[in-house]
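# Commentary on secondary and tertiary structure
Take a look at the letters that make up each chain.
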Amino acid sequence: QVQLVESGGGFVQAGGSLRLSCAASGGTFSTYTMGWFRQAPGKEREFVAGINWGGGSTYYTDSVKGRFTISRDNAKNTVYLEMNSLKPEDTAVYYCAAKMGRTTIIEVLSSFYGSWGQGTQVTVSS
């Protein structure tokens, strides 16, 4: 199982930007589909964005389309989430997750992902 460590969270005003990173170790990173999920207080964990093993396929939840961009650097074993035009409703703990498999299909259900990071807090003030 790959180990994942997120970084880059923080406090930002509405309209601002943050870039999250997720560094992977202990596995062959290029064989994994990667996803970003988030969980706000009192809410269930939800899918935010995903990218397939080669980076050629991405998928976003509707609420972040046009504002967030997921990317990966397989040479650095890292996946990124660029977040722009942040809104207070984006406030949550953001988690990186990995699902083994070289496919173009990006799963949105958390149960498909076998490895998770510890999460990084993103707080957006109004």
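Attention in this report is confined to the structure presented alongside it. (Residues numbered from 1 in each chain as written. Predicted model: local features only at pLDDT ≥ 70, side-chain atom pairs only at ≥ 80, totals over all residues. Heavy atoms only, no water.)

Another aspect to go through is the sheet that holds strand β1 (residues 3–7). Judged by pairing direction, the sheet is antiparallel, and its 4 strands sit side by side in the order β1-β3-β8-β7 without closing on themselves. The sheet is open, and its two edges are formed by β1 and β7 (68–73), each paired on a single side. Strand-to-strand twist in this sheet, taken as the mean axis angle between neighbours without regard to direction, amounts to 15°. The pairing of β7 with strand β8 (residues 78–83) spans 6 bridges and is classified as antiparallel. Counted as the bridge partner of D73 is T78 from β8. (Pairing = 2+ DSSP bridges. Helix = DSSP H or I, 4+ residues; strand = E, 2+ residues; numbered from the N terminus. Axes fitted to C-alpha atoms, helices over the stretch in contact; angles between N-to-C directions.)

What follows concerns the packing of aromatic side chains. Going through the model one piece at a time under the given rule, you end up with 6 aromatic pairs. The interplanar angle of 80° and the centroid separation of 5.5 Å between the aromatic rings of F37 and F47 together place this pair among those described as edge-to-face. Here F37 is found in strand β4 (residues 32–39), whereas its partner F47 is found in strand β5 (residues 46–51), with 10 residues between them in sequence. Note on F37: relative accessible area 1%, which makes it buried. A relative accessible area of 7% places F47 in the buried class. (Phe/Tyr/Trp six-rings, centres within 6.5 Å; stacked < 30°, edge-to-face > 60°. Buried < 20%, exposed > 50% of the residue type's maximum accessible area, 1.4 Å probe, protein only.)

Pairing of strand β2 (residues 10–13) with strand β11 (residues 120–125) involves 4 bridges; the strand directions are parallel. Considered in β11, the bridge of F11 is made with T123. As defined by bridge partners, strand β9 (residues 92–100) adjoins β11 across 3 bridges and the pair is classed as antiparallel. When the bridges of β11 are listed, A92 appears paired with V122.

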